[in-house]
Amino acid sequence: MLLIRSLVFEVLIYLVMAVMGILGAPLAIWSVDGAYAVCRSYARVVFFLARWIVGIRVEIRGEVPSGEVLVAAKHQSFLDILMIFEAAPRAKFVMKKELKWTPFIGLYALRIGSTPVARGRKGQAMTQMVAHAGRATQGEAEPRQLVIYPQGTRVAPDARLPFKVGAGVLYDRLGGVCIPAATNAGLFWGRRTLTKRPGLAVVAFLPPIEPGLAIPEFMARMENAVEDASDELMREAGFEPGPRPERVAADYSERRPRSS
């Protein structure tokens, strides 16, 4: 029965995405506010369907960022993207360049000012990411929250992927506050699996990391905060994550993108 419910849910969320994406396109093209309104409405519809079809409830904890900040978030699921987007006033994302061509997602992501990054060519990708994010930040009339996933992809709850230095470079170059964010959403809506499991999916915004730290020190503090809080959320849901090393600044080398 859970598999059937999950299949129905999966079909519905993509059907709703197509309908809202098409009907909302004129609003999104007309204004950035329109794009935000359509995306936020879609997130709320997904939350409603998730609760009543597969039993997934969502909860935001901590102080929601509202100013011009960098959000360094754990990424386990499509659900945690929607949760951050719906909670933050003007979220935008560092995203894989390939997503530009994804139906509906690409249009709306670019319209809200997200930064596409080509993975694989690290130096060039980092240079382009910092340049695009910096230009967008300087040109916006109101503050936005730039969300980056430091591990670069969705990570299964039992996996320990490295945190990439791109988040540290952005923190250094933008010169602002960073808000770490933790989640356990992958326990209920996992990557590469159709079955959704009932439970409470949480995104927790953690205490801010003030500007001015060296990149290695920032990376160690950010990774420890995100991983410790995510592990605690998973334990709260009845899942015991595996051991991990406590990071220190010496674990990171300060790699800066080359000037183009």
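Below you will find a few notes about this structure. Model, not experiment: these values are computed from the prediction.

1. Concerning the nonpolar core
Side chains of nonpolar character tend, in soluble globular proteins, to be buried together.
Point 1. F9, Y42, I56, V71, L79, V147 and W189 are the most contacted members of the largest nonpolar core, which has 45 residues in total.
Point 2. Elements with a minimum of two residues in this core: α1 (2–30), α2 (32–54), β2 (69–73), α3 (78–87), β3 (91–96), β6 (178–183) and β7 (199–205).
Point 3. Per-element accounting of this core gives the leading share, twelve residues, to α2.
Point 4. Leave out the neighbours within four places in its chain, and V147 touches V71, A73, I84, A91, K92, F93 and V94.
Point 5. Within the second largest apolar cluster, 22 residues are counted, among which are A167, V169, L170 and Y171.

2. Let's talk about the sheet that holds strand β5 (residues 145–148)
Point 1. The strand order across the open sheet formed by seven strands is β1-β7-β6-β2-β5-β3-β4, and the pairing between neighbours is mixed. Pairing within the sheet leaves two strands with one partner each, and these edge strands are β1 (56–61) and β4 (115–117). Going from strand to strand, the sheet's axes swing by 20 degrees on average, the running direction of each strand aside.
Point 2. By the bridge criterion, three bridges tie β6 to β7 in an arrangement that is antiparallel. Looking across to β7, one finds that A182 is bridged to A204.
Point 3. The strands touched by α2 within the sheet are β1 and β3, with β1 carrying the most contacts at an inclination of about 130 degrees.
Point 4. Here α3 sits on the sheet in contact with β1, β2, β3, β5, β6 and β7, set at roughly 55 degrees to β7.

3. Digging into the pattern of salt bridges
Working definition: two side chains of opposite charge can pair if their charged atoms are close together.
Point 1. Going through the model one piece at a time under the given rule, you end up with 13 salt bridges.
Point 2. Ionic pairing is found between R244 and D228, a salt bridge with its closest N-O pair at 2.4 Å. Remark: D228 occurs in helix α7 (residues 215–236) and R244 occurs in the segment after α7; sequence separation between them is 16 residues.
Point 3. The exposure class assigned to R244 is buried, which follows from its relative accessible area of 17%.
Point 4. One network of salt bridges, with partners in common, ties together K74, R160, E227 and D231.

4. Quick word on the packing of helix α6 (residues 166–174) against α7
Point 1. Their axes nearest at 9 Å, the elements α6 and α7 cross at an angle of 120 degrees. Taken together, the axis directions place α6 and α7 in an arrangement best described as oblique. For the pair α6 and α7, the crossing hand works out as right-handed. Together, A167, G168, V169, Y171 and D172 of α6 and I215, F218, M219 and M222 of α7 make up the contact between the two elements.
Point 2. Here the residues of the contact of α6 with α7 are counted per class, giving seven nonpolar, one polar and one charged.

5. Thoughts on the side chain of E227
Point 1. Mapping E227 onto the fold places it in helix α7.
Point 2. Among the polar contacts listed, one links the side chain of E227 to the side chain of K74, at a separation of 2.7 Å.

6. Some points on the side chain of Q151
Point 1. Among the structural elements, Q151 can be located in the loop between β5 and α6.
Point 2. A relative accessible area of 5% places Q151 in the buried class.
Point 3. At 3.2 Å, the side chain of Q151 forms a polar contact with the side chain of K74.
Point 4. Sequence-distant contacts of Q151, defined by excluding residues within four places in its chain, comprise K74, L161, P162, F163, K164 and E227.

7. Overview of the packing of aromatic side chains
Point 1. This structure, assessed with the given rule, holds six aromatic pairs.
Point 2. Each ring, one from Y36 and one from F85, has its centre 5.6 Å from the other, and the planes form 10 degrees; the classification is stacked. Here Y36, found in helix α2, pairs with F85, found in helix α3; they are 49 residues apart in sequence, far enough to count as distant.
Point 3. For F85, a relative accessible area of 6% puts it in the buried group.

8. Let's talk about the environment of L174
Point 1. Examined against the element boundaries, L174 turns out to sit in helix α6.
Point 2. Note: C-alpha distance between L174 and V69 (105 residues apart in sequence) is 9.0 Å.

Cut-off values and rules
- Residues numbered from 1 in each chain as written.
- Predicted model: local features only at pLDDT ≥ 70, side-chain atom pairs only at ≥ 80, totals over all residues.
- Heavy atoms only, no water.
- Core = buried A, V, L, I, M, F, W, Y, C linked by side-chain atoms within 4.5 Å.
- Buried < 20%, exposed > 50% of the residue type's maximum accessible area, 1.4 Å probe, protein only.
- Helix = DSSP H or I, 4+ residues; strand = E, 2+ residues; numbered from the N terminus.
- Contact = heavy atoms within 4.5 Å.
- Pairing = 2+ DSSP bridges.
- Axes fitted to C-alpha atoms, helices over the stretch in contact; angles between N-to-C directions.
- Salt bridge = Lys/Arg side-chain N within 4 Å of Asp/Glu carboxyl O.
- Parallel < 35°, antiparallel > 145°, perpendicular 65-115°, else oblique.
- Left-handed = near helix turned anticlockwise from the far one by under 90°.
- Nonpolar A, V, L, I, M, F, W, Y, C, P; charged D, E, K, R; others polar.
- Polar contact = N/O pair within 3.5 Å; in protein donor to acceptor, adjacent residues only side chain to side chain.
- Phe/Tyr/Trp six-rings, centres within 6.5 Å; stacked < 30°, edge-to-face > 60°.

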